[in-house]
Every structure is written in structure tokens, then in C-alpha cells.
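Geometric and topological summary
Here's the letter readout for the chains.
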Amino acid sequence: MASLIRISAAHSFDVVVIGSGPAGVAVAERLYAQRPDVTIAVLERGSALLRRHFYASGALMSERDSFLARHRVRPWRGDLGEGGALLPALGGRGIVGGSQLHRFYSADLSLWPNGRWPLADGELDPYYGEAEARLLGDSRCGGPAQTYVCDLLAGLDARHPPCGPTVDAERRPGAGLSHRSSVQRLLALLDTDRAAQSRRLEVLPDTRAIRLVVDPARPRQIAEVRCVPAGRSREADADHPFAVRGSTFVLAASAVESARLVLASGLGSPDGTRGNVGRYLMEHIYCRGYLDVSRRREMSHGPVSVFVPPQSAAPESRFQVEICSATHPADGRPVLRVTGSAAMDPQRHNRVTLSPGDRDGHGVPRAMTVLRLSPGDERRKRALLRGLRDIAGLLGGRWATPPVVMPRGASYHEAGTLRIAHSPEEGAASPDGRLFGWDNLFTGDGSAFPSVGVANPILPLTAMGYRVADRIALSGGA
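Below: a short report on this structure. Just so it is clear, the structure is predicted and the values come from calculations on it, not from any experiment. Counting starts from 1 at the beginning of each chain's written sequence and moves along it residue by residue. Only residues with pLDDT of 70 or above have their local features reported here, since the model is predicted, and side-chain atom pairs are shown and tallied only from 80 upward, although totals for entire chains, interfaces and linings are computed over all residues. Calculated side-chain values reflect all of the structure's heavy atoms, with hydrogen atoms and water omitted.

On to the sheet that holds strand β10 (residues 305–308), then. Two strands pair if DSSP finds at least two bridges between them. For helices the rule is a DSSP run of H or I covering at least 4 residues; for strands it is a run of E covering at least 2, with both sets numbered from the N terminus onward. The five strands lie next to each other as β10-β11-β12-β9-β15, forming an open sheet whose pairing is antiparallel. The outermost strands of the open sheet, each flanked by one partner alone, are β10 and β15 (398–405). Neighbour-to-neighbour, the strand axes of the sheet open up by a mean angle of 15 degrees, direction not taken into account. Relative to the sheet, helix α7 (residues 375–395) contacts β9 (285–292), β10, β11 (319–327), β12 (334–342) and β15, its axis offset from that of β9 by approximately 15 degrees. Angular values range over 0 to 180 degrees, each being the angle between N-to-C directions of two axes fitted as lines to C-alpha atoms, with helices fitted over their stretch in contact. Contacts are residue-level and defined by heavy atoms, with any inter-residue pair within 4.5 Å sufficient.

Here we take up the pairing of strand β13 (residues 351–359). Alignment of β13 against strand β14 (residues 365–370), held across five bridges, turns out to be antiparallel. What sits directly across from leucine 354, in β14, is alanine 367. Here β13 folds back onto β14 in antiparallel fashion, the turn holding five residues, of which glycine 363 has a positive phi close to 80 degrees.

Working note: a packed helix pair is described by the angle between its axes plus the distance between those axes. At their nearest, the axes of helix α3 (residues 125–135) and helix α8 (residues 458–475) sit 8 Å apart, and the two run at 120 degrees to each other. Between α3 and α8, the interaxial angle falls into the category oblique. For the pair α3 and α8, the sense of crossing is right-handed. Residue-level contacts link Tyr127, Tyr128, Glu130, Ala131, Glu132, Arg134 and Leu135 of α3 to Ile458, Leu459, Pro460, Thr462, Ala463, Tyr466, Arg467, Asp470 and Arg471 of α8. In the scheme used here, Gly and all other residues not listed as nonpolar or charged are polar, with Ala, Val, Leu, Ile, Met, Phe, Trp, Tyr, Cys and Pro taken as nonpolar and Asp, Glu, Lys and Arg as charged. Broken down by class, the residue content of the contact of α3 with α8 amounts to nine nonpolar, one polar and six charged. Each angle is binned into one of four classes, with values under 35 degrees roughly parallel, values over 145 roughly antiparallel, values of 65 to 115 roughly perpendicular, and all other values oblique. By the definition used in this description, the sense in which the near helix is turned from the far one sets the handedness, with an anticlockwise turn below a right angle giving left-handed and a clockwise turn giving right-handed.

Bringing the packing of aromatic side chains into the picture now. Pairing of aromatic rings covers Phe, Tyr and the six-membered ring of Trp, with a centre-to-centre limit of 6.5 Å; geometry is then stacked below 30 degrees between planes, edge-to-face above 60, and tilted otherwise. Applying the stated criterion across every chain yields a total of five aromatic pairs. Between the aromatic rings of phenylalanine 104 and phenylalanine 449, the centroid separation amounts to 5.6 Å while the plane-to-plane angle is 75 degrees, which identifies the pairing as edge-to-face. Pair noted here: phenylalanine 104 is in the loop between β3 (77–78) and α3 and phenylalanine 449 is in the loop between β17 (441–443) and α8, with a separation of 345 residues, a long-range link. Any residue under 20% of the maximum accessible area for its type is buried, any over 50% is exposed, and the rest in between are partly exposed; the area is computed with a 1.4 Å probe on protein chains only. Exposure remark for phenylalanine 449: the relative accessible area of 1% places this residue in the buried category. When the ring of tryptophan 117 is compared with that of phenylalanine 449, the centres are 5.0 Å apart and the planes differ by 40 degrees; the resulting orientation is tilted. Of this pair, tryptophan 117 sits in the loop between β3 and α3 while phenylalanine 449 is found in the loop between β17 and α8, placing the two residues 332 residues apart along the sequence.

Taken by themselves, the reported measurements are silent on function.
Laid out in C-alpha cells, this is it:
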């Protein structure tokens, strides 16, 4: 794999993407396809751990937990310190995430008065279509056991996932569902670029971005990103920083890390303050339990992968439940894993700042996170737990492990912090993703989201990555 990862001697590109997760790779692959005259660099603090999605080889969901425990890092302080984590690897957390991939519901883009997305109706639809084609192809989930589950939960409008690998009786119990992940697509792009001998795409693994540097001759332009070598393969060079220059820069390192990089670089809003940079941090309220349905013989006819959508557009109902065949993490017996993810209210006081006097081994300030539930969030959490209990009753199962609310950050679905808006008073970036006050700095990841929706964000991240790539191309930034 290492032979596919090339390090440029020039370190100068038309577009520099910071982060190789679902959003960063979407920006790179869209620009590569649409603009054959553009050179692109993708920076990633981690190494190449996998060539494709973790579940592509038939791995179990329980094995994913062990993989994460070995490779994740917990770099943040504050409310996300216990549950939040990064996966330093090509492809980021997307290489292990997304058992079901969904679009955000249109209601979630307009429901919150202080979290409305500044997009036209249906604007994301063509990008969603492209994302589904690239990540999921034409396959659809189906199988007798999950049809039976859908029938039992028909009163809750339970459905087969809209897209995803076909569920069949040959799949091992507890095996996760894969998709064409960001690392697989990035390596395919490198193969294409190498075969064409064009050197339009460079990937720099084990590269930690530590500071964005303003062009002294053009005070509204970023000139370069200062980096340090990171990861085991480059420990000997850890004291040798270098610069990657570019015409346009895209932040795609996660909602927390992208905001931290802007703050650590001393970049603020046009009035000289930091305005809404780092504000409106959100994630999913995440609950999970394991349901024993062994007394239901119908459940033995193949695996299950279904979901229950929100029951209404009321704020209290904005949660979704995924039900998947699994093995219990304690004793390995077959169970149904029942996971609920609920939206959070956008709140300005939930934020990312710099942890005072706290720096990592590279001298980079660590992120301090504040993420507190609102009264509306508390009501939604209670409604979600009631919903999980109702589902267990309808399925006729007994809880092997009753559902619990997981630590803040455990969803790995952070959003906000550089959200798009019509004005600097409402957000940190314009509707096209360009940070207010800067001509060539864009947000391309979940930090751009004004609200977090209820579904796994991989499809929305990919769709928004394609959209911001188009905006960069139209603006002349690429």
C-alpha cells in the first residue's frame, strides 16, 4: 500500500484538503473528475491502515470495537474527552462507520429556527444521488428475517434501508455492512492518477496540519498550511516542520479539529473577533441496547438490518432507530443490536475552544469542548428511550443489555463549529462554505452543518463535499 502514497517534493497545489475522511475524499474526487487542470493534495495525520471498509472482508461488529481500541486517539478535553475520538488513518472514521447510510430528512434542514440550512429546496438531491451511486451502487437490503421485523414494526413505519449491501442468509451473524469507503475511493483515484502519469493528486499520510498561515501580501488569503510529520513511520522527522502551499484550502478534519485549527491559527471573523468560529457544536444523542429474540424462530431466517424513521416532524420526535443482527459483546450469543440516534438543538454556547496551556507532543494546542444538553434535548432523549422500549415489546424480545445513553462524543458524529449561514452573525461560513473574511478557505466537513439531523452523516458529508467542490470550481478557487 505504501507505494501508492506519494509525497510531493514541491508541496504546492491548487487545492489542499486537510483530512481524508468521507468529506475530504468527496471534495478531492469531485474536483479530480470535474477539473482536469487542477492539482490536489490530501493531508492525513494517520497512516494507511486499510485498503477498504473494515466490514468488506466480513468482519464482525464486535471486531470493530477491538480495532478502534487499538487505533483511535482521544485528543480532546472537556465534554467530549471521554467518548469522543479520532481514527488517524487514511479514510478517517469512515473506514469503520455507517452500517446504514441515509440522507438527512428535509425536515431536519429547516426545523430549528437557529439551525436552518441556507440551501434551496432539493439542492442536495443530485449530490446525494452521486454519493449513493459511488458508495453503495445498485444493491438494496433485503431478507426474510428483516421482512418479518418490518412487519412486526409496521405501525412504526419500519423500513429496509434505502441502499446498502444485500442482506442474505450466508452472511455471518454479527457481520457488519460495508460500503465503498473513503479510503477505497482515494486509493482508486491514486491508481487512476498513477496510470495516467499526471501527478494531479498527492496524498500525504502521517502529516499533521498545525497552523494556517496568512499571505502577508494578501491579508484575506491563506498562503500555506504548516505541518509536522506524525505517525510511527515518520517519528524520526517529527522535529522537522514543513509547509504545503496552495491556492485554496479545504477544512475536512472533523468538526472539532477543523475549528481547532482555525482557532490555533489565530483566524477570526471580519470584525477582528472570533465570532461564531467554534460555536454550535453538536452531535447525536446516542443510545444502544442488545435485544434477545431467540424465542422468535422467524428471526433465524437470515440477518436483520432495518430502521425506524422519526415518527413526526415535532422536535421531540427527531430520532431514528437502527436494528441490526449482532453478537452480544459479552458472550457472543446472537442478538439484535438496537441503536437510537437523536438530534441535538443547535446552541451557541456549545463550542470548541483551545485548552489553556494544554499542548500535545507537537506543541499544538488541544481542543476544549463544551457540549451540554438543552431541555429540548433531554425531552428527546427520554422519548428515544421510550421508543426503544416500545420496539422491544413489539419484537417480543428481552433485553440482554438494556439500552443506555452512551458518553458524549461516542457517536463520532460531531457537527457545527464552522456552520454555513447567510451572515457572520449567524455562522462562520457563507452558504458556499467559504469562511467569512477569507477568500480561499472553505469548510468541507460536518463543521459546516447548521443542524445534525438524525441519521449517520456519511452520505450528507459526501454530498456536501461534492457541493463545496463545485462551489470552489465556480468561484475560480480551483
